[in-house]
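Each chain, written out:
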Amino acid sequence: MADRPIDVKGRLDAGADALDRLRATAPRVHCLTNMAAANLVANGLLALGAVPSLTDHDEEVGAFTAGAGALSVNLGTPDAERLRAIDIAVAAAKVQGVPWVLDPVMIDRAPTRLRAAAKLVNDGPAVLRLNEGERAALFDSADAPSFDGVLAISGAADSIGHHGAVLRVANGDPMMTRVTGMGCLLGALTGAFLTVERDGLTAALAASVLLGLAGERAAGSARGPGGFQPALLDRLHDLTPDDLMRDAKVTTCAD
Amino acid sequence: MADRPIDVKGRLDAGADALDRLRATAPRVHCLTNMAAANLVANGLLALGAVPSLTDHDEEVGAFTAGAGALSVNLGTPDAERLRAIDIAVAAAKVQGVPWVLDPVMIDRAPTRLRAAAKLVNDGPAVLRLNEGERAALFDSADAPSFDGVLAISGAADSIGHHGAVLRVANGDPMMTRVTGMGCLLGALTGAFLTVERDGLTAALAASVLLGLAGERAAGSARGPGGFQPALLDRLHDLTPDDLMRDAKVTTCAD
Amino acid sequence: MADRPIDVKGRLDAGADALDRLRATAPRVHCLTNMAAANLVANGLLALGAVPSLTDHDEEVGAFTAGAGALSVNLGTPDAERLRAIDIAVAAAKVQGVPWVLDPVMIDRAPTRLRAAAKLVNDGPAVLRLNEGERAALFDSADAPSFDGVLAISGAADSIGHHGAVLRVANGDPMMTRVTGMGCLLGALTGAFLTVERDGLTAALAASVLLGLAGERAAGSARGPGGFQPALLDRLHDLTPDDLMRDAKVTTCAD
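Below you will find a few notes about this structure. On a predicted model such as this, the values are computed, not experimentally measured, just so you know. (Residues numbered from 1 in each chain as written. Chains lettered and ligands numbered in written order. Predicted model: local features only at pLDDT ≥ 70, side-chain atom pairs only at ≥ 80, totals over all residues. Heavy atoms only, no water.)

Quick word on empty space enclosed by the protein
Part 1: Tallying each qualifying case throughout the model produces 4 cavities of 30 Å³ or more.
Part 2: There is about 370 Å³ of room inside the largest cavity.
Part 3: Taken together, 26 residues form the lining of the largest cavity, with A:Q229, A:P230, B:Q229, C:Q229 and C:P230 sitting closest to its centre.
Part 4: Every element with two or more residues in the lining of the largest cavity is listed here: α2 (38-48) and α9 (225-238) of chain A, α2 (38-48) and α9 (225-238) of chain B together with α2 (38-48) and α9 (225-238) of chain C.
Part 5: Class assignment of the residues belonging to the lining of the largest cavity gives a composition of 13 nonpolar, 12 polar and 1 charged. (1 Å grid on protein atoms, 1.4 Å probe; cavity = no way out; pocket = protein on both sides within 12 Å on 5 of 7 lines; lining within 4 Å. Points joined across faces, edges and corners; volume = space filled by probe spheres on them. Helix = DSSP H or I, 4+ residues; strand = E, 2+ residues; numbered from the N terminus. Nonpolar A, V, L, I, M, F, W, Y, C, P; charged D, E, K, R; others polar.)

What follows is the structure, given as structure tokens:
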């Protein structure tokens, strides 16, 4: 597919504006996430200025999702009840128009998880966040799901694409790969931006830049992966819309 | 209801004495808590000087509760198995005379969770810890449960009341709202004090003052919500009975 | 049983060599662990240089285990689904020759958990990691399970024994008892060493020395149990094979 021209500065301005509105309104993001990442995801949303909720009980997840500003679905450590909860939450999100993000963690390791992910992709998340191995497992096969949303691929640089427009975000630090749940947190932060910015490309861009900036700054002060996590939360809390616009490392590139 | 006179200094003395006994005996508190808060709750109890256990398996939760010094029940992220475990644990606590605390997290967001909470309130926890929104959801309705225990309402200042006596605790810091599980931890610390001090008002008061003091001191040294959490655990570990008596900000007020 | 002579320096050399290979290959360790420890276990493996996976879903745990370099099974907070997952994972480990560690947390507190642990011990873990109370609950009874693997008993000093050879590791710090999941982490780190070193005594020794050293150094810089946890992860990340050989405090002793 040919490149589509894209106004990077305009998107960053919109992302910075979204950050202001997010902090003014403290929207709730419902997260169905894995047990290793739950604490970081909740604290990351709070540090950013949003409010997390995390229930995966099938009797209440519909009400929690319907009242949330966005839904973040993560397939790490799924048990049978959480998989049921995910189906209920996604159905509620579709009925209520709640935007949602899908993070199909480690689908390249288990066929049953890959099938669950493919079905969810067909349900139409606004943003699909994954790494290259997970993308390949989903889409480089004969029965790849169809997907029309924003594809956000995390890596040494993040790639965020939609309808032929592709942005590359070079913010971040290798230390981010030494802390569990960092990708899960990026999915949840993308959800937080979706609560105030319905353009998925802008929301994914803002989340990726902001988390990358927090990582860069935390790496500058932390002496290892242990101190890096609290430092990153401190930076998420402090980063301003001006920081986001000034220090973003974003380029356009071919799809 | 009219004010009932209350000896604040006497209660603080009793709370300080309880802290000494708690550290001398390292009592175990069984916690049925949510997955985002489990780590903080466990580490907070250890920092204070107590021992956490957290199983919610229905076949063993009765034995774990029966042998514990107190039980702390938290309704965050309840799945079907944890809800069954809560019923079994509460039944065991009643049979064995183990004091218990109820923390009905976010019952204002889902009707099924509100009904579960109302039923548990009728089971008679020693202390009911919640915020004002949760209190209103429970009690400002036609079919409010009856409750004769200690009502501990968390907020900018905590309000702790029993039989018309109400104490207001002004210790704490706004940063405490930026870390997930802080209320859950308060419930668990209240449980820890109940193991050595059967007067629920004194136990809830001591837990509220101590956590508030830890928050105040942590906020003085931390640069954001990430560093705040480990700093708060450090302070919980260091605070002395003298600190509790000297720096408590407690007043009596009308019910 | 009589003492069996053991070459401590040779074992430490082998452990140091294993650390090098571990960091060069970043092996995956599948962990079935409790919800309070999951985050520390995952971050500890990442800090060391390994990769964690944690699913306990019965449909996928077999595939995750079969593809892992080692399996770490922890009986803390077991729910019915995780207990099923443990059986499936252990069966997959046996078929595929994946070495595994068992950590029977708090089996001295509930008879059902003790029975589950005894059955798992009969399944033949390479290393059984526990404390003295848990060891006594398992083995000091008429129907003690038979066990031919490495017995690693944590305490003020760790004792690691196999077929009459017993090593005592004096590295560590009392602060390690004030952070939840430290024993669970030791089990997972032992699993990480087993991925590159099939001799269970050497793997358990290397894990025990390394975590003890990380604890000693973290205690030197942290002001309490809150700051201790991130400091310990920082040290796990930094410790070198030379540190392991030079600063290990290991002696042989009677069985």
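That was the structure; now back to the text.
Concerning the relation of the copies chain A and chain C
Part 1: For the pair chain A and chain C, the relating rotation is 120 degrees, the translation along its axis is 0.0 Å, and the fit reaches an RMSD of 0.0 Å. This pairing of chains is accounted for by a three-fold axis. Among all residues of chain A, the minimum C-alpha distance to the rotation axis is found for A:M35, at 3.7 Å.
Part 2: Looking at chain A, a mere 4% of its interface residues are interface residues in chain C too, so the copies touch through different faces. (Least-squares fit on C-alpha atoms with pLDDT ≥ 70 in both. Contact = heavy atoms within 4.5 Å.)

Observations concerning the sheet that holds strand β2 (residues 51-53) of chain B
All names here are of chain B.
Part 1: Taken in spatial order, the 9 strands of this open sheet run β2-β1-β3-β4-β5-β6-β7-β8-β9, and their pairing is mixed. Single-partner strands in this sheet number two, and they are β2 and β9 (250-253). Geometrically, the sheet is characterised by an average inter-axis angle of 20 degrees between neighbouring strands, direction not taken into account.
Part 2: Here 3 bridges tie strand β1 (residues 28-32) to β2, and the two strands are oriented parallel to one another. Counterpart to H30 in the pairing with β2 is S53. (Pairing = 2+ DSSP bridges. Axes fitted to C-alpha atoms, helices over the stretch in contact; angles between N-to-C directions.)

Here we look at the pairing of strand β1 (residues 28-32) of chain C
Residue and element names in this part refer to chain C.
Part 1: β1 sits mainly inside the fold: 5 of its 5 residues count as buried.
Part 2: Neither face of β1 is exposed, since R28, H30 and L32 on one face and V29 and C31 on the opposite face are all buried.
Part 3: At this point the chain moves from β1, through α2, to the parallel strand β2 (residues 51-53), and the crossover so formed is right-handed.
Part 4: With 4 bridges connecting them, β1 and strand β3 (residues 70-74) associate as parallel partners. Within the sheet, the bridge partner assigned to H30 lies in β3 and is L71. (Buried < 20%, exposed > 50% of the residue type's maximum accessible area, 1.4 Å probe, protein only. Right-handed = clockwise from strand over helix to strand, strands pointing away.)

Quick word on the interface of chain A and chain C
Part 1: Between chain A and chain C, the contact holds 24 residues from the first and 28 residues from the second.
Part 2: When chain A packs against chain C, the two sides together hide about 2200 Å² of surface, and 55% of this comes from carbon and sulfur.
Part 3: Joining chain A to chain C, the criterion identifies 2 salt bridges.
Part 4: Linking A:R113 and C:E60 is a salt bridge whose minimum nitrogen-to-oxygen distance equals 2.5 Å.
Part 5: At the boundary of chain A and chain C, one finds 10 residue pairs in polar contact (both at pLDDT 80 or more).
Part 6: Those elements giving two or more residues to the side of chain A that touches chain C turn out to be α4 (80-96), α5 (111-122) and α9 of chain A.
Part 7: Considering each element in turn, the side of chain A that touches chain C owes the most residues, 4 residues, to α9(A).
Part 8: Residue composition of the side of chain A that touches chain C, grouped by class: 11 nonpolar, 8 polar and 5 charged. (Buried area = accessible area lost by both parts, 1.4 Å probe. Salt bridge = Lys/Arg side-chain N within 4 Å of Asp/Glu carboxyl O. Polar contact = N/O pair within 3.5 Å; in protein donor to acceptor, adjacent residues only side chain to side chain.)

Some thoughts on the environment of C:R217
Residues and elements named next belong to chain C.
Part 1: On the secondary structure map, R217 appears in helix α8 (residues 200-221).
Part 2: Judged by its relative accessible area of 26%, R217 is partly exposed.
Part 3: Each C-alpha atom of the pair R217 and D123 lies 37 Å from the other, and the pair is 94 residues apart in sequence.
Part 4: Sequence-distant contacts of R217, that is, excluding residues within four places in its chain, are made with R235, L239, D243, R246 and D247.

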